[in-house]
Structures are given as C-alpha cells and as structure tokens.
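Analysis of the macromolecular model
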Amino acid sequence: MTYPNLPPLPGSPREIPGPEQAMLKLSYGVHVIGSRSGDGELNAMLADWVMQVSFTPRLVAVAIENDARTLRFIRQTMVFSVNLLHEKDGMEIARAVVMPSEARKIRGRSEDMASQVIDKLAGIAYGVHDNGCPVLDRSLGWFTCDAQAFHTAGDHTIVIGAVTDGDVLRPGEMLIERELGWEYAG
Ligand SMILES: Cc1cc2nc3c(=O)[nH]c(=O)nc-3n(C[C@H](O)[C@H](O)[C@H](O)COP(=O)(O)O)c2cc1C
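This structure is a prediction, so every number in the text was calculated from the model and none was measured. (Residues numbered from 1 in each chain as written. Predicted model: local features only at pLDDT ≥ 70, side-chain atom pairs only at ≥ 80, totals over all residues.)

In terms of regular secondary structure, the chain is built from 5 helices and 9 strands. Mapped in sequence order, the helices and strands of the chain form the string α-β-β-β-β-α-β-α-α-β-β-β-β-α. Going through the 186 residues of the chain one by one, you find that 27% of them count as buried. Long-range pairs, those at least 24 residues apart, make up 66% of the contacts in the chain between residues at least 6 apart in sequence. (Helix = DSSP H or I, 4+ residues; strand = E, 2+ residues; numbered from the N terminus. Buried ≥ 20, exposed ≤ 12 C-beta atoms within 10 Å, placed from the backbone. Contact = placed C-beta atoms within 7 Å.)

What follows deals with the sheet that holds strand E8 (residues 141-153). Spatially, E2-E1-E5-E8-E9-E4-E3 is the arrangement adopted by the 7 strands of the open sheet, whose pairing is antiparallel. Each edge of the open sheet is held by one strand with a lone partner, namely strand E2 (42-47) and strand E3 (50-54). Going from strand to strand, the sheet's axes swing by 35° on average, the running direction of each strand aside. Seen against the sheet, helix H2 (residues 69-77) touches strand E1 (31-36), E2, strand E4 (59-65), strand E5 (79-84), E8 and strand E9 (156-168) and runs at an angle of roughly 50° to E1. In this fold helix H3 (residues 90-97) packs onto E1 and E2, with an angle of close to 115° to the strand it touches most, E2. (Pairing = 2+ DSSP bridges. Axes fitted to C-alpha atoms, helices over the stretch in contact; angles between N-to-C directions.)

Our next topic: the pairing of E5. A regular strand places its side chains on the two faces of the sheet in alternate fashion. Among the 6 residues in E5, 6 count as buried, and that is most of the element. Burial of the side chains of E5 extends over both faces: Val79, Ser81 and Asn83 are buried on one face and Phe80, Val82 and Leu84 on the other. Two elements, E5 and E8, share 6 bridges in a ladder whose sense is antiparallel. Note that in E8 the partner of Phe80 across the bridge is Cys145.

Before going further, it helps to spend a moment on the site of the ligand. The full set close to the ligand counts 22 residues, and Trp49, Thr70, Pro100, Ser101 and Tyr184 are the nearest of them. Elements with a contribution of two residues or more to the shell around the ligand: E2, E4 and H2. The biggest single contributor to the shell around the ligand is E2, with 4 residues. When its residues are assigned to classes, the shell around the ligand shows 12 nonpolar, 4 polar and 6 charged. (Near = placed C-beta within 6 Å. Nonpolar A, V, L, I, M, F, W, Y, C, P; charged D, E, K, R; others polar.)

What follows deals with unusual backbone geometry. Only a minority of non-glycine residues have a phi that is not negative, and only a minority of peptide bonds are not trans. Cis geometry marks the peptide bond from Thr56 to Pro57, where omega comes out at -5°. By the element assignment, Pro57 lies in the loop between E3 and E4.

What follows is about the environment of Ala122. Inspection of the secondary structure assignment puts Ala122 in the loop between helix H4 (111-114) and strand E6 (126-128). Take Ala122: there are 7 C-beta atoms within 10 Å of it, and that puts it in the exposed class.

Residues Val32, Ile33, Met45 and Leu85 are the most contacted members of the largest nonpolar core, which totals 31 residues. Those residues in contact with Met45 that sit more than four places away from it in its chain are Val32, Ile33, Ala68, Thr70 and Val97. (Core = buried A, V, L, I, M, F, W, Y, C linked by C-beta atoms within 7 Å.)

Within the element layout of this structure, Ile118 appears in the loop between H4 and E6. Separated by 21 residues in sequence, Ile118 and Val97 have C-alpha atoms that sit 9.6 Å apart. The contacts of Ile118, once residues within four sequence positions are left out, are Met99, Ser101 and Ala103.

Let us now look at the pairing of E1. Within E1, 6 of the 6 residues are buried, which leaves it mostly tucked inside the rest of the structure. Inspection of the sheet shows E1 paired to E2 by 6 bridges, in the antiparallel sense. In the strand pairing of E2, His31 is matched with Ala47. The loop that links E1 with its antiparallel partner E2 comprises 5 residues; one of these, Gly40, has a positive phi angle of about 90°. Bridge count between E1 and E5: 4 bridges; the pairing is antiparallel. Bridging across to E5, Gly34 finds its partner in Ser81.

What follows is the structure, given as structure tokens:
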C-alpha cells in the first residue's frame, strides 16, 4: 500500500510529476540528423523526435532544439539527412554524437572552452550525399530531406522535411531509446 499524500523524505528520489512520468513512457527510435552549413561545414546530431507525418507527399517531422547548430545549418541550406541507428552497434555512434558541437551549450564551460566547436563526425565512417549532408556507413538505413516548413514549438522547432532519397543498408532493426538507456522526454 502507498500513501500518496505523505511528503517525500529528505534525500529520497525527486518525485516526478504525473505528466512527465506518462511522457517518459513514449517510445522512440534513435536517429542521427546530418546537416551542412552554407559554408559546407558538416554536423551530426542525436535525435529521438523524428516521425513520418504524410504518405503523399512523403513527409517527416523532426523536432530540433532552438539553439542547436543543426537547426541553424538546416535553415541555411534547407536540406538534412536522417540516419537510423542499428540495434546492434548504434550505441557507439550515439555516444560519439551526443555532445553539442558548440561547447557554449554545455553548462559550466569556461569562456575559452565555450568558443570551441567539436567535430562529432571525426571518428565516424560516413559519405556525403548529393544533397551535401552526411550519411553514416554503419546506419541501419537513411533518408534525405528538403526542409519544407519550420514551426516553432516551445523550446524546439519542428522541421517538416520532404523525403528526396533513401535506402536500407543492413538487415536488422532500429536502436530504440529504451535500449540505449538515455531519456529525451518528459
Ligand atoms: C537520447 C537523446 C535524444 C535526443 N533527441 C533530440 C531530439 O529529438 N531533438 C533535439 O533537438 N535534441 C535531441 N537531443 C539533444 C541533442 O542531441 C543535443 O542537444 C545536441 O547537442 C545538439 O547538437 P548540435 O548543437 O550539434 O546541433 C537528444 C539527446 C539524447 C541524449
């Protein structure tokens, strides 16, 4: 039996509000969004919030943090790629790309460090698609998109992408967030 009205004991785990708990139960696949700046710089970003939203035409929606480098790059070139991480070894790629490329996004960095830009693609095998965006060699599959619309949604921007190309590279299934053990929800 539980006593929901009792206050939590000091030092006991933080009580997670109901709406957050429910949203943490949502299930996501794990993706890497590839992008390119107007100057030709490439970037890769770990993303859960990707879904198909139309058959005809084939459209996807990706929710991207308003201050992400990826969003800036997509606004500049209007293209991106979505790489589906593989259940077997996608974890290694996820670890390589999880940090923000711009150190200023990491709390507690000194001013000197804050101006640093990390090349998240440095240790990852990839090719560059005709649209200029990186496509990862070890993904389960990938597709490329033309950005069609941007909708502000709180601290994220929903980018609607029209799918222009894509392929499956390996047998198997996608890595899902629950298996990754990291959370991006709530
Ligand atoms: C499991 C996981 C899933 C994530 N999903 C998203 C997402 O869907 N959208 C988003 O904007 N950021 C997401 N992030 C955070 C971005 O990967 C992170 O902010 C990244 O540093 C932004 O990269 P950029 O500034 O180089 O573009 C996620 C992080 C983790 C750990």
